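Letter by letter, the chains look like this.
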Amino acid sequence: MSEWMNRTEKLIGSLRVQLTGEAHSLSVYRFLVNDIMELNGFHCDGEGCAEEKEEEPPALMLPRSKTETPCSLIATPGADSEAAGGSALREQRVSKSTPVMLRLDSLKKNRPPFPWFGMDIGGTLVKLVYFEPKDITAEEEQEEVESLKSIRRYLTSHTAYGKTGIRDVHLELSDLILWGRKGNLHFIRFPTHELPAFLLMGRDKHFSSLHTTLCATGGGAFKYEDDFRTMANLQLLKLDELDCLIKGVMYIYSVVSSGPPECYYFEHPTDPERCEQKAYNLEDPYPLLLVNIGSGVSILAVYSKDNYKRVTGTSLGGGTFLGLCCLLTGCSTFEEALAMATEGESTCVDKLVRDIYGGDYERFGLPGWAVASSFGNMICKEKRDSVSKEDLARATLVTITNNIGSITRMCALNENIERVVFVGNFLRVNTLSMKLLSYALDYWSKGQLKALFLRHEGYFGAVGALLELPNPS
Amino acid sequence: MALCGGADRGSHSMDKSITLPPDEIFRNLENAKRFAIDIGGSLTKLAYYSTVQHQVAKVRSFDHSAKETDGDPLYEISVQEEITARLHFIKFENAYIETCLDFIKDHLVNTETKVIKATGGGAHKFKDLIEKKLKLKVDKEDEMTCLIKGCNFVLKNIPHEAFVYAKHADSEFRFQNTHPDIFPYMLINIGSGVSIVKVEAEDKFERIGGSSIGGGTFWGLGALLTKTKRFDELLQLASKGQHTNVDMLVKDIYGGAYGSLGLTGDLIASSFGKSATTDKEFSKEDMAKSLLHMISNDIGQLACLYAKLHNLTRVYFGGFFIRGHPVTMHTITYSINFFTKGEVQALFLRHEGYLGAIGAFLKGAEEDNPNQYSWEENYAGSSGLMSVSPELNPVQRARSGTFDMLEMDRLERQLVNLPLLQDATSYIPDTVDLTEDALAREYWLYCFEEALDGVVKRAIASQKDQPEAVERAEKFRQKYRHKLQTLRHQPFAYGSLTVRSLLDTREHCLNEFNFPDPYSKIKQKENDMALKYYLKVVKSVEELSWEQRQFTLAKGLLAGNVFDWGAKAVSDVLESDPEFGFEQAKQQLQERPWLVDAYNQWIERLKGPPHKCALFFVDNSGIDIILGVFPFIRELLIRGTEVVLASNSGPALNDVTNSELQILTERIAAMDPVIHAALREDRLALVQNGSSSPCLDLSRLDKVLATVIRERGTDLVIIEGMGRAIHTNYYAMLSCESLKLAVIKNSWLAERLGGKIFSVVFKYEVPSKAQEQH
């Protein structure tokens, strides 16, 4: 294995070649590579495609590691225009007997102009990913317009923007190769209600003069399209949020190879003593239940990279947690609410099975610790008067989380899927909920279901949007 | 409802030390045999079984062999005391529990039992109090088991128990037909939490899931958010709120719909999502509404996921969160519709609040095999579904709902479907649903109210020897008038309102005040008179040609049916002119072509081979049965067709009862060798139908009758009279040939059907081959 890894390294140059400690089988690489290839237009299911395959140089034909991916990107004809693998455009990418160098030139020509952004405007948060090129040549530096430089400097030299914008530095992916350029991928978020300020900044920094396409997904891409045009003179490329979400997940998982594992789970979730975070090898990921917990919740059954359906959703999501916490405790931010929840105790707020039956309800296999009625103790005035804000925050968190777990479990059973990946910003710094979900899924499914989590939890939609950049239609 | 007589009395009932009116609640307590109690979070449901002593009219044949004088009546009528079993259920607020226990203690004369079955979350809390007051040992039963037992019981025994709730429809309650097989079903009990139970058979059920987000969450979280303490008040708040001020909708995120997923803009994307993004104050009403939607949607969603996983389509909802509250029934219905795209309907139960108490009672009464019997809701002693207008403020609601009652009478016979129904699952006895047809409802309520004086008079006349009959009749009048008034405002109170239910309610009320058979003497007189003409009629028919004879017999049958004291127009004529005779009736009949006229097809059929066996649901006493029905079936018997005459088990109006028919048939057999031979050879059978109604529900017939029908290979069903062939069964589809015959003795109804008074319906139906195979 190491032999061809070296070869790849030689071929590509200064790429990160750090594999995670887990033993990856060949098939894993094939999956990942295929996936990325497909993502970038290598979707080989047509006749023309088979021909094309034969004419590829062998080394480029079957790249076998994640690190090869950028290579395929460089060398792929049409990759620039088809990052999404849009089927309508598939035929166009066939350019028989094109030398590799020529293709590189064409890539350069068709490469989207900087800046490279992907945006996901949700109900509560705007998620922004920004690709900062690190391989800028002196020539480019000279050519670079002031506004572009200013945007780059502004975003990369700060970790906070205004009062509410935050760059999640720990999530930054450095030395990433995207469309032949090397750079760092930054992850930034700010509240959706700050969008007007963001647009004003875009106007002030003459963003529109760059003639770039702004790829945006999430409901806000539709809701604020006019505002983008009128306030900042920007034209949005609106993208479906679920398409973007799945693309983003697959892409990020494929490019993260070093540092903390992208995908992880909690081992021994039912045993607090032994419960610990472990890397998970998402080999052969399909079928997969993808649960996106933002303001609300969407549950998708993903059968392959472009075959998925939205199974259901629930309005009891992160927005509900924060909304109820604000009303019940007077807090105003997710962090505050979460901090209180960590301190609190939900058992005095909720009515447990043992509160009703004195212990387990054995006839139906209900353990005494199970919640019989969320907030059930609050029907009693004395108990209402004695609970703390922290207890209420905790109960809210537990209620919302358990409910998501319960609906997810039913969907998994109905769809006959055993693997569940939870994403979305509700899980940000929310180990409490992640452990609770792990526990609930494991306990109620008797170990059949596994709850998986991804480090870049809330940013996949934005990443998916970014990947559409070379696809201006 | 029993206590909502006047304003001062109502306010009095709010006082927790009320004096209980023993006439109205806890009836027959002195005969109570067994007790069960279900104590919930706010309401107590008491169940007891008692025997009711009431009068029944019996007929007994005189010994006519000794002497035969013209002046003697045919048979004697006597009133006897009979004891029947009745189940009483009373629902009241927990606040009254001590008063009620004291009352029970004082009125309980002698009871065999030493235990009281108890269930519900509050059972342990009041255990000591009950044991101290009643000196009965409290025996706790599992809540869920009781709930399921109770649910099975009401689904099996109460037609129109289940309903679909449609807030914006003409009739909010759409009652469902009782499916002959009630299993499998799913029961979702929304108490403080939610339990989801799959029920596969009488004793086979499983809790397949649940949720902690339930009624307790609405109440607890609602109390925290709005500082409103009472559950009812929270619902009241919710019904006035705007959830869109608090919830983040799809359009708040998208600016419109999320078209590619088919999510409309008004859909809730995030419950309480707006309260996280703004600092503004939210109104109590809006928060309560948002909370209600959140919880209802969540429960609906889980219900659908479980229904899908277990492949169940009948989903019943119960628990205190639902309990007749239009607001929650509406939101749950909406949610189920949304999540199943209309494939599953949310069903609610009329007696949902009693399930636990019924189940606990049944648990304790297992040795009496209560499930072996058929039971019937007694309309006279049951409160019916309360008016649950959300505009009513909670205090009013609480007051009017203070004491709610349900009484179930044990029937002497087990009831089953007519085996000849084409599709028992879709059979609906009643022709017009007055719950939905407001015009018809107006008319019939008016009609029954108009007729009330006459009924009272008749009731008194039937018991001339009993001076206190006047007082009882007056009580009957009040009770029935009150029922009619209730039904005017709450037509859904006892399930679908129909002419049949109005008639049955009247019979129940008459029985309640010991008027078991107000028409007994009239029937006796008419029977006597008609018998004298029997031979004459038979002979005159015999002289006719075959074709003429068939027509005369059919016409005779219809003319006989004109004699009906139940129909107002006829009772008017009969009262003023008792000489109104059979021949006159024939002249009154509409000339052919009749309003519905399939006579030609019938006569063609008669030219073919005889039927194997005809089942005849007979109607009135006197001229109808003796001069109309008997000559007609006599011809059938001569043709070689066996005949089963199905008559009422108990009295209703002037309908001939089975015991009367036995005597009449004997008398006719004594005169007529054809009938005599048929009886002797068992080609003519008299079987009771299991009913005491002037109408006919073919899904609740005496089990013995069903067996006889099956054994004899019945291939013709004849249904006679307005009550049985027009008000009910007009559209009933049978798997064999059928004749539905009636004279419309009501001008309003005749006009509705496009005819005039005394229009004739002669409906002859042959099922198509395909349907027969079906």
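Residues numbered from 1 in each chain as written. Chains lettered and ligands numbered in written order. Predicted model: local features only at pLDDT ≥ 70, side-chain atom pairs only at ≥ 80, totals over all residues. Heavy atoms only, no water.

Chain B carries the name 4'-phosphopantetheine phosphatase in an unreviewed UniProt entry, which gives Carassius auratus as its organism. What UniProt states about chain B under its Subcellular location (unreviewed entry) heading is, verbatim, "Cytoplasm". Recorded under Subunit (unreviewed entry), the UniProt text for chain B is reproduced unchanged: "Homodimer. Interacts with PKM." (UniProt positions renumbered as here; feature names shortened; annotations may be inferred.)

By the naming in an unreviewed UniProt entry, chain A is Pantothenate kinase 3, taken from Carassius auratus. Per UniProt, chain A has the following entry under Subunit (unreviewed entry): "Homodimer." UniProt's Catalytic activity (unreviewed entry) comment on chain A is quoted here verbatim: "(R)-pantothenate + ATP = (R)-4'-phosphopantothenate + ADP + H(+)".

Considering the interface of chain B and chain A
On the side of chain A, 55 residues touch chain B, which itself brings 50 residues to the contact. Where chain B abuts chain A, roughly 4200 Å² becomes buried across the two surfaces, and 63% of that area is made up of carbon and sulfur atoms. Summed over the shared surface of chain B and chain A, the result is 2 salt bridges. Here D142 of chain B ties to R363 of chain A by a salt bridge, and the two come within 3.8 Å at their closest N and O atoms. Of all elements in the fold, only helix 4 (143-157), strand 10 (204-211), helix 5 (215-226), helix 7 (250-254), strand 12 (268-270) and helix 8 (284-310) of chain B reach the threshold of two or more residues within the side of chain B that touches chain A. It is helix 8 of chain B that provides the largest number of residues to the side of chain B that touches chain A, a total of 9 residues. For the side of chain B that touches chain A, the class distribution of residues is 26 nonpolar, 16 polar and 8 charged. (Contact = heavy atoms within 4.5 Å. Buried area = accessible area lost by both parts, 1.4 Å probe. Salt bridge = Lys/Arg side-chain N within 4 Å of Asp/Glu carboxyl O. Helix = DSSP H or I, 4+ residues; strand = E, 2+ residues; numbered from the N terminus. Nonpolar A, V, L, I, M, F, W, Y, C, P; charged D, E, K, R; others polar.)

Re the packing of helix 13 (residues 318-329) of chain A against helix 14 (residues 334-343) of chain A
Residue and element names in this part refer to chain A. Following both chains from N to C, one finds helix 13 and helix 14 inclined at 75°, their axes separated by 10 Å at the closest point. If you check the angle between helix 13 and helix 14, you find them roughly perpendicular. The residues of helix 14 that touch helix 13, namely those facing F321, L322, C325 and T329, are F334, A337, L338 and M340. (Axes fitted to C-alpha atoms, helices over the stretch in contact; angles between N-to-C directions. Parallel < 35°, antiparallel > 145°, perpendicular 65-115°, else oblique.)

Section: the domain arrangement of chain A
For chain A, the assigned domains read domain 1 (111-255 + 462-468), domain 2 (263-344 + 388-454) and domain 3 (350-386). Computed from C-alpha atoms alone, the centre-to-centre distance between domain 1 of chain A and domain 3 of chain A is 48 Å. (Domains from an automatic or database assignment.)

Some points on the side chain of S147 of chain A
Residues and elements named next belong to chain A. Mapping S147 onto the fold places it in helix 8 (residues 146-157). A relative accessible area of 11% places S147 in the buried class. Among all residues touching S147, those that are not within four sequence positions of it are K205, H206, S209 and L210. (Buried < 20%, exposed > 50% of the residue type's maximum accessible area, 1.4 Å probe, protein only.)

Here's the deal with the domain arrangement of chain B
Interface size is commonly expressed as the accessible surface area that is lost when the partners come together. Residue and element names in this part refer to chain B. What the domain assignment reports for chain B is domain 1 (22-60 + 73-158 + 356-411), domain 2 (162-246 + 282-349), domain 3 (430-513) and domain 4 (519-765). Spacing between the C-alpha centres of domain 2 and domain 3 amounts to 35 Å. Each side of the interface is counted separately: domain 2 has 4 residues, and domain 3 has 5 residues. Together, the buried faces of domain 2 and domain 3 total about 480 Å²; carbon and sulfur atoms form 67% of this surface. Looking at the side of domain 2 facing domain 3, the largest losses of area belong to S171, F173 and F175, adding up to 78% of the total buried there. Applying the counting criterion to the domain 2 and domain 3 interface returns 1 salt bridge. Between E436 and R174 there is a salt bridge, and its shortest N-O distance comes to 3.6 Å. Across the domain 2-domain 3 interface, the total number found is 0 residue pairs in polar contact (both at pLDDT 80 or more). Along the lines of polarity and charge, the residues of the side of domain 2 that touches domain 3 split into 2 nonpolar, 1 polar and 1 charged. (Polar contact = N/O pair within 3.5 Å; in protein donor to acceptor, adjacent residues only side chain to side chain.)

Topic: the pairing of strand 11 (residues 288-293) of chain A
Residue and element names in this part refer to chain A. Burial analysis of strand 11 places 6 of its 6 residues in the buried class, which makes it a mostly covered element. Here strand 11 shows no split at all, with L288, L290 and N292 on one side and L289, V291 and I293 on the other all buried. Note: strand 11 against strand 12 (residues 297-304), 6 bridges, orientation antiparallel. Bridge pairing in strand 12 links L290 to L300. Here strand 11 hands over to strand 12 after 3 residues, the two strands then running antiparallel side by side. Summarising the sheet, strand 11 and strand 16 (residues 419-423) pair through 4 bridges and their orientation is parallel. Residue pairing for strand 16: L289 is matched across the bridge by V420. (Pairing = 2+ DSSP bridges.)

Overview of the environment of N184 of chain A
Residue and element names in this part refer to chain A. Tracing the chain through its elements places N184 in strand 6 (residues 181-191). Residue class for N184 comes out buried when judged on its relative accessible area of 7%. Distance in space between the C-alpha atoms of N184 and A197 is 25 Å, their sequence separation being 13 residues. When sequence neighbours within four positions are dropped, the list of residues in contact with N184 reads Y130, F131, E132, K134, E172, L173, S174 and D175. A polar contact is formed between the side chain of N184 and the backbone nitrogen of D175, at a distance of 3.0 Å.

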